[in-house]
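Here is what each chain is made of, one letter per residue.
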Amino acid sequence: MDNLELFKTLPLPGIETGSDVIKEIWAIGGGKGGTGKTFLSTNLGVTLARAGKRVLLVDADLGCANLHTCLGVNPKVTLSDFVQGKVNKIEEVLVETEIPNLALISGAYDYLEISNPKYTQKMKFIRKIHDLNFEYIILDLGAGTSFTNLDFFLSANMGILNVIPEPTSIENTYRFIKSTFYRRFKKVARDPEVKEVVTMAMDEKNRLGIRTPHDLIDYIDTIDEKAGQMLKETIYAFSPKLIVNQVRSKDDITLGFSMRSSCLKYFGIKVDYVGSIEYDDHVWRATKKKRPLLLEYPSSAASRSIERAVKNMLAEEELKFDLILRA
Ligand SMILES: Nc1ncnc2c1ncn2[C@@H]1O[C@H](COP(=O)(O)OP(=O)(O)OP(=O)(O)O)[C@@H](O)[C@H]1O
Ligand SMILES: [Mg+2]
């Protein structure tokens, strides 16, 4: 019996999806392309589904969707059918995968205009996605710091940053953190003057000399003390998780700790380092086979690290991982 068949023989616990179900929305972003966001999203989803959670994976990489490929799914309907009004309800673009408990909303790879949606259009489908009855909804974001990526990231209860130990990825991740935080603050700020300052701060070479969220707090404090206080509270509440992917050495692993310290020191932002994942040839082998790593190579080093990271991320104590596929 292969892994999937074994999986299918399991009872499907707790898939009651009534409105009282606690819903967690996780978004996987990080700025740089090709760092493993889709790989991570897929396998976080599989891990949760294996734990008996009802999970929805959403390909939020608008215009460059490929989550379906990692799952070996060839969807007949995608997000573009919803966005273009070909179907009325978002539920109609939802497909079940071969993995019990795991559903997918595939990205709109067939409708290029979607990569830059209007704000109202975007907020509409973010809302619709949030309304779906799943215990976990995982958003796989695209590369870069577009407002679409930032808004998806901010819509989640848990934002997960995926960085790899390369200067370009590290740089983009810091930029992503900063941009996300500024966007978040701009949304909660009331005063137009404060909003304007935040807009200027988003330009890294701004003439106000604001280079970090710390600088922004100091500046805003001088124009509006109340807004400064709110800014501090917003910073405090913003605590993304960090995963270092494709690690090859001890130094690579410690990158997560140094990034955590730097974020606190320079941005005042508390980043929670939840784990590292080895660079592992099994990952590309699984990708080539269009199969999730967790199904194809459950005992690989990367699979185990993903499971450990998920455990670290879960607040719910009751979720015990019965790693059946390894048994
Ligand atoms: N831990 C790892 N070990 C080895 N290869 C990996 C690992 N993580 C990801 N990869 C490989 O890196 C490549 C990019 O992965 P993936 O498509 O998930 O990145 P992405 O961040 O989603 O890219 P994009 O920004 O284009 O959406 C894939 O070929 C994948 O197999
Ligand atoms: Mg991707």
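Residues numbered from 1 in each chain as written. Chains lettered and ligands numbered in written order. Predicted model: local features only at pLDDT ≥ 70, side-chain atom pairs only at ≥ 80, totals over all residues.

So, about the overall build of the chain. A count of helical and extended segments in the chain gives 14 helices and eight strands. Within the chain, the proportion of its 327 residues that are buried is 47%. Once local pairs closer than 6 in sequence are excluded, the contacts in the chain between residues at least 24 apart make up 73%. (Helix = DSSP H or I, 4+ residues; strand = E, 2+ residues; numbered from the N terminus. Buried ≥ 20, exposed ≤ 12 C-beta atoms within 10 Å, placed from the backbone. Contact = placed C-beta atoms within 7 Å.)

Another point: helix H6 (residues 147-155). Along H6, the residues that are buried comprise Thr148, Asn149, Leu150, Asp151, Phe152 and Phe153. Check the buried side of H6 and you find it contacts strand E1 (24-29), strand E2 (55-60), helix H5 (119-131), strand E5 (136-141), strand E6 (158-163) and helix H7 (167-188).

So, on to the packing of helix H2 (residues 37-50) against helix H14 (residues 301-313). Relative orientation of the contacting elements H2 and H14 amounts to 70 degrees, with a least axis distance of 10 Å. Looking at the two axes, H2 sits roughly perpendicular to H14. Where H2 crosses over H14, the two elements pack in a sense that is right-handed. Counted together, Asn43, Leu44, Thr47 and Leu48 of H2 and Ile306, Glu307 and Val310 of H14 form the full contact between these two elements. (Axes fitted to C-alpha atoms, helices over the stretch in contact; angles between N-to-C directions. Parallel < 35°, antiparallel > 145°, perpendicular 65-115°, else oblique. Left-handed = near helix turned anticlockwise from the far one by under 90°.)

The topology assignment puts Gly33 in the loop between E1 and H2. With 14 C-beta atoms counted inside 10 Å, the residue Gly33 sits in the partly exposed group. Along the primary structure Gly33 and Gly142 are separated by 109 residues, whereas in three dimensions their C-alpha atoms are 7.4 Å apart.

If you trace the eight strands from one edge of the open sheet to the other, you get E3-E4-E2-E5-E1-E6-E7-E8, paired in mixed fashion. Here the strands that pair on one side only, and so sit at the sheet edges, are strand E3 (94-96) and strand E8 (272-278). If you compare each strand with its neighbour and ignore which way they point, the axes differ by 20 degrees on average. In this sheet, strand E7 (residues 241-247) lies alongside E6 in parallel orientation, the contact comprising four bridges. The residue of E7 that forms the bridge with Ile160 is Lys241. Sheet contacts for H2: E1, E2, strand E4 (102-105), E5, E6 and E7; angle to E5, the most-contacted strand, approximately 170 degrees. (Pairing = 2+ DSSP bridges.)

Taken together, 19 residues lie near ligand 1, and Gly33, Gly36, Lys37, Thr38 and Phe39 sit nearest. Among the elements of the structure, H2, E7 and helix H12 (281-288) are those that each provide at least two residues to the shell around ligand 1. (Near = placed C-beta within 6 Å.)

Another point: H7. Taking 1.5 Å as the rise per residue, H7 with 22 residues should run 32 Å; its terminal C-alpha atoms sit 32 Å apart, in good agreement. Listed as buried for H7 are Ser169, Asn172, Thr173, Phe176, Ile177, Lys178, Ser179, Thr180, Phe181, Arg184 and Phe185. (Expected span 1.5 Å × (residues − 1).)

Turning to the packing of H6 against H7, a few remarks are in order. Their axes nearest at 10 Å, the elements H6 and H7 cross at an angle of 75 degrees. Considering their axes alone, H6 and H7 lie roughly perpendicular with respect to each other. In contact with Phe147, Leu150, Phe153 and Leu154 of H6, H7 contributes Ser179, Thr180, Arg183 and Arg184. In terms of residue class, the contact of H6 with H7 is built from four nonpolar, two polar and two charged. (Nonpolar A, V, L, I, M, F, W, Y, C, P; charged D, E, K, R; others polar.)

Moving on, we come to the pairing of E8. Burial analysis of E8 places five of its seven residues in the buried class, which makes it a mostly covered element. Pairing of E7 with E8 involves five bridges; the strand directions are parallel. By the bridge assignment for E8, Ile243 is matched with Gly275. In this view, the connection linking E7 to its parallel neighbour E8 by way of helix H11 (residues 250-267) has right-handed handedness. (Right-handed = clockwise from strand over helix to strand, strands pointing away.)

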